[in-house]
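Structural features, examined
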Amino acid sequence: MPIPATPKIWMNGKLVDWADAQVHVLTHTLHYGTGVFEGIRAYETANGPAIFRLTEHIERLFNSAKILMMDMPYTVEEIIDATKETVRSTGLPSCYVRPIAYYGYGEMGLNTLPCKVDVAIACWTWGAYLGDDAVTKGVRMKISSWTRHDHNTMPPAAKTTGNYVNSSLAKVEALKAGYDEGIMLNRAGLVSECTGENIFVSRGGKLITPPLSSGALEGITQSSVATIARDLGIEVTVGDIARSDLYIADEIFVCGTAAEVSSVNSVDDRAVPCPGPKTKAIAETYAKAVRRELPEYAHWCELA
Ligand code: PPE
């Protein structure tokens, strides 16, 4: 589906018209995947759009940049303010927000040190990422034949544009094979995450989610959902998950900014009970928390 345009995009300090937010074809990051980005959602509230865990997302953007040795030309506070300004400029009650920092036009070659860093923030309406029935009917998962990045090849903690070649390979493979989404294993054969979500598995009454060391992104939704689950009285541990744990799980859900909380109905054609009671309770609470309907999580919602 084409991206629905909004009035303005923030580029290097100012709001420009959507159609004018252009880059040169020799933009460094277009050639080498050397950008860092975030995906954030702003939700409708009675007090206008609230941006879910904005500060944590912008801090992760700066951490991604640090891993790349990319010198951000703005402070965290400036990018937080710019994000709010961009969200307000859309006039939308809710939207998806995409900040990106990239090496712009001017230099070629793999040495990024002389490259100029450009920053942009765009917003648009992005609906249910894994389909409208993702919570109730669940998604069909396939273990990918593609291995998740190793720490010494592409650092998974950095949300770099280049990292997503791995995710795109797995996503297309899953779709072509008739599934909705791919689950990535790491080189040790353990479950890492999905192409654009973290994963939680319920076995023996508790929830398990893989650690950063598995090759997964340290998800902000993952940490929000873990807090919600514990507050609901569900035990949550961070630990190893084997492929066979998925096949015999009591329930599985995946989560991310775009996907929110989506239940899994099968993995490699082994049925998983769906939607499970834990998934339902967590998805319902998450949906209220992001809309600032629950006082205990209101500090996560930063008004634009
Ligand atoms: N793992 C991966 C690989 C990933 O891309 C995401 C977010 C997550 C985990 C969950 O992270 P968090 O959003 O902090 O809970 N994926 C973003 C990009 C999706 C896209 O297609 O682009 C997102 O959900 O915004």
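These figures come from a predicted structure and were not determined experimentally. (Residues numbered from 1 in each chain as written. Predicted model: local features only at pLDDT ≥ 70, side-chain atom pairs only at ≥ 80, totals over all residues. Heavy atoms only, no water.)

**Regarding the site of the ligand**
To be explicit about the condition: One heavy atom within 4 Å of a molecule or strand makes the whole residue count as near it. Polar contact criterion, stated in full: a pair of N or O atoms within 3.5 Å, where within protein one must be able to donate a hydrogen and the other to accept it, and residues adjacent in sequence count only if both atoms are side-chain atoms. Note on areas: Shrake-Rupley, 1.4 Å probe, and residue coverage restricted to the protein chains presented here. Starting at the N terminus, helices and strands are each numbered in turn, a helix being any DSSP run of H or I of at least four residues and a strand any DSSP run of E of at least two. Under the grouping applied here, Gly and all other residues not named as nonpolar or charged are polar, the nonpolar ones being Ala, Val, Leu, Ile, Met, Phe, Trp, Tyr, Cys and Pro and the charged ones Asp, Glu, Lys and Arg.
Taken together, 24 residues form the shell around the ligand, and within it Tyr96, Tyr129, Tyr164, Glu193 and Thr221 come nearest. Here an oxygen atom of the ligand sits 2.4 Å away from a polar atom, N or O, in the side chain of tyrosine 129. Within the backbone of glycine 196, one N or O atom sits 3.3 Å away from a nitrogen atom of the ligand. Protein chains shield 94% of the accessible area of the ligand, which is 550 Å² for the free molecule. At the level of secondary structure, the elements contributing two or more residues to the shell around the ligand comprise helix H2 (54-68), strand E6 (95-103), strand E10 (191-194), helix H5 (220-231) and strand E14 (251-256). Classifying every residue of the shell around the ligand gives 9 nonpolar, 9 polar and 6 charged.

**Quick look at the domain arrangement of the protein**
Accessible area lost upon the coming together of the parts is a frequently used measure of interface size. Our working rule: Residue ranges labeled as domains rest on an automatic or database domain assignment. Pairs of residues are marked as contacts when any of their non-hydrogen atoms sit within 4.5 Å. Two parts lose some accessible area (1.4 Å probe) when they are put together, and adding that loss for both gives the buried area. The salt bridge criterion pairs a side-chain nitrogen of Lys or Arg with a carboxyl oxygen of Asp or Glu, the two atoms within 4 Å.
The domain architecture assigned to the protein consists of domain 1 (8-124) and domain 2 (139-289). For domain 1 versus domain 2, the separation of C-alpha centres amounts to 26 Å. Facing the 21 residues of domain 1 at the interface are 18 residues of domain 2. Both faces considered, domain 1 and domain 2 share a buried interface measuring about 1,600 Å² in area, 62% of it formed by carbon and sulfur atoms. Three residues, Phe37, Phe52 and Arg60, lead the burial of domain 1 against domain 2; their summed loss comes to 36% of the area buried on that side. Viewed at the interface, domain 2 and domain 1 are joined by 0 salt bridges. When contributions to the side of domain 1 that touches domain 2 are tallied by element, the ones reaching two or more residues are strand E3 (36-37), strand E4 (40-43), H2 and E6. The residue makeup of the side of domain 1 that touches domain 2, split by class, is 9 nonpolar, 7 polar and 5 charged.

**Observations concerning the nonpolar core**
Worth spelling out the cut-off: Only buried residues count toward a nonpolar core, which is a set of Ala, Val, Leu, Ile, Met, Phe, Trp, Tyr and Cys residues joined through side-chain atoms within 4.5 Å. Working definition: with a 1.4 Å probe on protein chains only, accessible area under 20% of the residue-type maximum means buried, over 50% means exposed, and in between means partly exposed.
With 27 residues, the main nonpolar core has Ile58, Met70, Met72, Ile79 and Val119 as its most contacted residues. Residue contacts for methionine 72: discarding those within four places in its chain leaves Leu61, Phe62, Ala65, Ala101 and Val119. Within the second largest apolar cluster, 23 residues are counted, among which are Ala226, Ile228, Leu294 and Tyr297.

**Quick look at the pattern of salt bridges**
Applying the stated criterion across every chain, the model contains 11 salt bridges. For the salt bridge of lysine 171 with glutamate 181, the shortest nitrogen-to-oxygen distance reads 3.5 Å. Of this pair, lysine 171 sits in helix H4 (residues 164-176) while glutamate 181 sits in strand E9 (residues 181-185), and the two are 10 residues apart along the sequence. According to the relative accessible area criterion, glutamate 181 is buried, its value standing at 0%.

**Observations concerning the environment of alanine 21**
Mapped onto the fold, alanine 21 is located in the loop between strand E2 (14-17) and helix H1 (28-32). Between the alpha carbons of alanine 21 and leucine 217 there is a distance of 29 Å; along the sequence they are 196 residues apart. In contact with alanine 21, other than residues within four places in its own chain, are Ile9, Met11 and Val16.

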